[in-house]
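# Chains, contacts and geometry: an overview
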Amino acid sequence: MPQHIMLASSSKLGTTFTGKITLFNMLMCNPEMTSNKSNVRLRYCSCNFSAPQKIKVPWWALSLLSLSKRVHSIFVLRLFNDCLATTLLHAALISIIYQKWHLGLVIFSGAVSIKMNVLLYAPPLLLLMVKAMDIVGVISALAGAALVQIVIGLPFVLSHPASYISKAFDLGRVFIHFWSVNFKFVPEEIFVSKAFALSLLVAHLSLLLIFAHYRWCRHEGGLFAVVHSKIIQLKLRVARRDPSPTNRVLQTDHIVTTMFVGNFIGIICARSLHYQFYSWYFYSLPYLLWKAPFITLLRLLLFAAVEFCWNVFPSNSYSSILLLCVHLIILGGLWISSPEYPYVGKTTDKSSSEKKAR
């Protein structure tokens with residue numbers, strides 16, 4: 001793609017497309033991939049079927065992921081940028097599962113540069129980082145993610161700084177009511193209002209805090225206990241001038257549950273979900289359904305109901321109400337499920353500082 005076209009595109013679309021443009025250029029420069037358009041689509045789609053080793057989902061349930069008509073359309077026929085962002089997000093999650101936090105944050109930042117919805121994973125990811133690393137490690141990982149954003153956006157900032165910065169991470173956009181799959185039952189004048197957006201934001205943050213305090217940090221005594229212990233550890237490290245970090249290895253189940261549930265909460269509280277947004281959480285549905293203490297028949301019915309709602313075109317009040325109800329049922333099941341123990345083994349340094357931090 002010519003450079004002037006790239007820069008013109010960035011000035012209009014903002015930072016969430018800079019990563020997509022970069023990947024697009026890389027793909028287009030590879031004749032082996034571009035010689036067959038279906039080959040490119042297959043590469044995008046196949047990357048999203050990678051699953052962590054410890055997910056407690058029966059093997060046959062994973063076949064549900066190949067039955068979605070809507071997701072087939074999103075990945076194989078449409079090639080939305082959501083496909084690229086989802087692929088990188090899953091790659092970041094695999095890195096984090098293997099405790100490669102800095103690498104995972106770099107890949108995660110690349111996914112954010114393609115599609116801003118990846119930021120729905122940011123709150124649970126930050127919590128996992130705080131639990132797994134000390135403050136210095138968290139800051140260095142975040143710095144690496146920030147560096148990725150700077151490097152990717154630098155050509156566009158140098159060419160069209162005002163346009164790029166004004167459009168980057170635009171949180172004030174209002175999507176068209178007609179195309180929304182959820183909250184279609186809400187009158188349009190309320191749907192586009194700032195009051196409705198603010199109420200959903202409050203609900204989103206409240207649910208994240210509740211799950212973080214009572215579920216994700218239950219074994220540590222709550223969210224505030226985790227934060228307080230990290231502050232004490234930092235003070236002890238500064239006072240003793242001890243360079244050794246206090247790192248802990250997190251269970252795979254805990255990482256996956258925290259990330260997927262955190263994103264799912266964001267999905268429920270999103271003001272507008274367009275059809276391609278189904279890819280944001282579709283691949284996590286089997287895990288979420290089998291994490292909840294439901295019978296298998298109910299899990300299959302809930303999965304089918306979600307798929308049905310996303311295939312109603314155009315969406316209507318009834319389909320959006322059904323989708324919201326199904327989402328809330330799944331979230332309720334996740335709330336009453338047994339929280340897994342988050343850690344593997346002991347800390348990597350002396351346990352004395354941890355005991356004092358308690």
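The next subject is the overall build of the protein. A tally of regular secondary structure across the protein gives 18 helices and 2 strands. Across the 358 residues in the protein, those meeting the buried criterion constitute 50%. Accessible surface for the protein amounts to roughly 17,700 Å². Of this, 68% is attributable to carbon and sulfur atoms.

This brings us to the packing of aromatic side chains. Two numbers describe a pair of aromatic rings. These are the distance of the centres and the angle of the planes. Following the criterion strictly, the structure yields 20 aromatic pairs and no others. Aromatic pair F191 and F196: ring centres 6.3 Å apart, planes at 40°, arrangement tilted. Per residue, the accessibility class of F191 equals that of F196, and both read buried. Of the aromatic side chains, those joined through ring pairs into one cluster are F264, Y278, Y281, F282, Y283, F303 and W310.

Ranked by internal contacts, the top residues of the largest apolar core, which has 81 residues, are W101, Y278, Y281, W310 and I330. When residues in this core are grouped by element, the largest group, 9 residues, is from helix α14 (residues 252-268). With 5 residues, the next largest nonpolar core counts F183, V186, F196 and L200 among its residues.

Turning our attention to the packing of helix α6 (residues 81-97) against helix α7 (residues 101-114). Between α6 and α7, whose axes approach to 8 Å, the crossing angle comes to 170°. It follows that α6 is roughly antiparallel to α7 by the angle criterion. Across the interface between the two elements, N81, L84, A85, L88, L89, A91, A92, S95 and I96 from α6 touch W101, L103, G104, I107, F108, G110, A111 and I114 from α7. Residues belonging to the contact of α6 with α7 are distributed by class as follows: 13 nonpolar, 4 polar and no charged.

The next subject is helix α13 (residues 223-240). Compared with an ideal rise of 1.5 Å per residue, which puts 18 residues at 26 Å, α13 spans 26 Å between its outermost C-alpha atoms and is within 8% of the ideal. Within α13 the residues assigned to the buried category are L223, V226, S229, K230 and Q233. Along the long axis of α13, the arc covered by the buried residues comes to 130°, so they all point the same way. Those residues of α13 that are exposed and angled more than 90 degrees off the buried face are F224, K235, V238 and A239.

The tally for this structure, following the rule as stated, stands at 3 salt bridges. Across the pair K115 and D82 runs a salt bridge, and its minimum N-O distance is 3.7 Å. Placement of K115 in the loop between α7 and α8 (122-132) and of D82 in helix α6 is noted, with a sequence separation of 33 residues between them. Judged by relative accessible area, K115 falls into the buried class, the value being 15%.

Let us now look at a nonpolar patch on the surface. The grouping of I176, F178, W179 and F313 at the surface amounts to a nonpolar patch, some 430 Å² of accessible area in total. Inspection of the secondary structure puts F178 in the loop between α10 (161-167) and α11 (188-191).

In this structure, W290 sits in helix α15 (residues 285-291). The spacing of W290 and S337 is 47 residues in sequence and 9.9 Å in space, taken between C-alpha atoms. Those residues in contact with W290, other than ones at most four positions away along the chain, are K56, V57, P58, W60, A61, L64, T296, R299 and L300.

Following both chains from N to C, one finds α14 and helix α17 (residues 317-336) inclined at 150°, their axes separated by 11 Å at the closest point. Here α17 runs roughly antiparallel to α14, going by the angle between their axes. In the packing of α14 onto α17, the handedness of the crossing is left-handed. In contact with V261, F264, I265, I267 and I268 of α14, α17 contributes L324, H327, L328, I330, L331 and L334. Classifying every residue of the contact of α14 with α17 gives 10 nonpolar, 1 polar and no charged.

Turning to the confidence of the model for the protein, a few remarks are in order. A residue-level look at the protein finds 77% of positions with pLDDT of 70 or above and a mean pLDDT of 81. pLDDT under 50 marks residues 20-53. Its contacts with residues more than four places away, or in other chains, come to 50 contacts. Predicted confidence for residues 347-358 stays below pLDDT 50, and this span has 21 contacts to residues more than four positions away or in other chains.

Criteria and thresholds
- Residues numbered from 1 in each chain as written.
- Predicted model: local features only at pLDDT ≥ 70, side-chain atom pairs only at ≥ 80, totals over all residues.
- Heavy atoms only, no water.
- Helix = DSSP H or I, 4+ residues; strand = E, 2+ residues; numbered from the N terminus.
- Buried < 20%, exposed > 50% of the residue type's maximum accessible area, 1.4 Å probe, protein only.
- Areas by Shrake-Rupley, 256 points an atom, 1.4 Å probe, with all protein chains shown as cover.
- Phe/Tyr/Trp six-rings, centres within 6.5 Å; stacked < 30°, edge-to-face > 60°.
- Core = buried A, V, L, I, M, F, W, Y, C linked by side-chain atoms within 4.5 Å.
- Axes fitted to C-alpha atoms, helices over the stretch in contact; angles between N-to-C directions.
- Parallel < 35°, antiparallel > 145°, perpendicular 65-115°, else oblique.
- Contact = heavy atoms within 4.5 Å.
- Nonpolar A, V, L, I, M, F, W, Y, C, P; charged D, E, K, R; others polar.
- Expected span 1.5 Å × (residues − 1).
- Arc of directions from axis to C-beta.
- Salt bridge = Lys/Arg side-chain N within 4 Å of Asp/Glu carboxyl O.
- Patch = residues over 30% accessible without salt bridge, like charges linked within 9 Å, V, L, I, M, F, W, Y side chains within 5 Å.
- Left-handed = near helix turned anticlockwise from the far one by under 90°.
- pLDDT = per-residue confidence, 0-100.

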